[in-house]
Amino acid sequence: MLFRSADGPVAEVSTTFGFFSPELLEDQRGLPTTDADRARLAAPSPTGPISLLDGGGPLGHLPGMASSRMRMLDEVTGFWPDGGEEGLGRIRTEQAVRPEAWYFEAHFFEDPVQPGSLGIEALVQSARALVALSGWLEGIESPVWEQPILDFPLTWRYRGQVVPTRERVVTEVEARSVEIVEGESVTVTVYGTQWVDGLRIYEVPAFAVRVRSGGR
């Protein structure tokens, strides 16, 4: 499927869906998970937690973080500046599931489930937090964020849902590459995955966020 605007192509999307019976949806098993995955999820952080509930806290300047409706993170529970497969940094964030959340009322009728796009939003917000905490915004005047980045492919695997009876969502993001144009832009390619109550439900093998100077 190709999405176009008056200026030309915007995005090309292909997707595959499966049919799941009510019994299978109740007995969700998530994505394949290794012992290393679980160990990483539970790893202690070298830094203390950062609360984001009060207007986004120290990260309130990032897009979406100040809004209680669109912020998909409650706190940063782990930050490893040299963590991840490439040693470029890793972050872990969490959000409590709130049965009264606005999206459960709208999506879907008599079948409340958090929209998958908001799971991706949690991954994007976590990636922005990783960029900020890593100090990569220094020297960027009037930062302007770009995501998704044009011509950068995004693959998303998911098997599981966030429903009102769940308790906590944990999102992990690690940097795989960092490209810095001094004073102009920073582009970070990341790997991301998401868990709900210990079940790994989303995986984005590679996506990217970019911040550029709005003063140029």
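See above for the structure.
Residues numbered from 1 in each chain as written. Predicted model: local features only at pLDDT ≥ 70, side-chain atom pairs only at ≥ 80, totals over all residues. Heavy atoms only, no water.

A. Representation of the overall build of the protein chain. In terms of regular secondary structure, the protein chain is built from 4 helices and 10 strands. Counted from the first residue to the last, the protein chain has its helices and strands arranged as β-β-α-α-β-β-β-α-α-β-β-β-β-β. Taken over C-alpha atoms, the radius of gyration comes to 18 Å for the protein chain, in line with the 17 Å a tight globule of 216 residues would show. Considering only C-alpha atoms, the protein chain reaches an extent of 55 × 50 × 35 Å along its principal axes. Taken over 216 residues, the protein chain has a buried fraction of 42%. Partitioning the contacts of the protein chain with sequence separation of at least 6, the portion at a separation of at least 24 is 65%. As presented, the protein chain carries roughly 12,000 Å² of accessible surface, and 53% of it is formed by carbon and sulfur atoms. (Helix = DSSP H or I, 4+ residues; strand = E, 2+ residues; numbered from the N terminus. Rg over C-alpha atoms; globule rule 2.2 N^0.38 Å. Buried < 20%, exposed > 50% of the residue type's maximum accessible area, 1.4 Å probe, protein only. Contact = heavy atoms within 4.5 Å. Areas by Shrake-Rupley, 256 points an atom, 1.4 Å probe, with all protein chains shown as cover.)

B. Layout of the nonpolar core. Residues L59, L62 and V188 are the most contacted members of the largest nonpolar core, which totals 42 residues. In terms of residue count, helix 4 (residues 116-133) provides more of this core than any other element does, 10 residues in total. Apart from the residues lying within four places of it in its own chain, the contact partners of L59 are L52, M65, V76, A129, A132 and L133. (Core = buried A, V, L, I, M, F, W, Y, C linked by side-chain atoms within 4.5 Å.)

C. Summary view of the pattern of salt bridges. Counted by the stated rule, this structure contains 11 salt bridges. Linking E85 and R176 is a salt bridge whose minimum nitrogen-to-oxygen distance equals 3.7 Å. Remark: R176 occurs in strand 8 (residues 168-181) and E85 occurs in the loop between strand 4 (75-80) and strand 5 (90-96); sequence separation between them is 91 residues. According to the relative accessible area criterion, R176 is partly exposed, its value standing at 26%. (Salt bridge = Lys/Arg side-chain N within 4 Å of Asp/Glu carboxyl O.)

D. View of helix 4. Taking 1.5 Å of rise per residue, the 18 residues of helix 4 would be expected to cover 26 Å, and the 26 Å separating its terminal C-alpha atoms lies within 8% of that figure. In terms of burial, helix 4 is largely enclosed, as 14 of its 18 residues are buried. Count one or two residues on from helix 4 and you reach G135, which has phi positive near 85°. (Expected span 1.5 Å × (residues − 1).)

E. Main features of empty space enclosed by the protein. Scanning the entire structure with this criterion turns up 2 cavities of 30 Å³ or more. Surrounding the largest cavity, M72, L73, T93, E94, Q95, Q114, L118, G119, A122, V169, T171 and Q194 form its lining. Mapped by element, the contributors of at least two residues to the lining of the largest cavity are strand 5, helix 4 and strand 8. Tallied by class, residues from the lining of the largest cavity come to 5 nonpolar, 6 polar and 1 charged. (1 Å grid on protein atoms, 1.4 Å probe; cavity = no way out; pocket = protein on both sides within 12 Å on 5 of 7 lines; lining within 4 Å. Points joined across faces, edges and corners; volume = space filled by probe spheres on them. Nonpolar A, V, L, I, M, F, W, Y, C, P; charged D, E, K, R; others polar.)

F. Representation of the packing of aromatic side chains in the model. Counted under the stated rule, the structure contains 5 aromatic pairs. Between W102 and Y103, the aromatic rings sit 5.4 Å apart at their centres with planes inclined by 75°, giving edge-to-face as the arrangement. With centroids separated by 4.9 Å and ring planes inclined at 65°, the aromatic side chains of Y103 and F104 adopt a geometry described as edge-to-face. Given the relative accessible area of 6%, Y103 is considered buried. (Phe/Tyr/Trp six-rings, centres within 6.5 Å; stacked < 30°, edge-to-face > 60°.)

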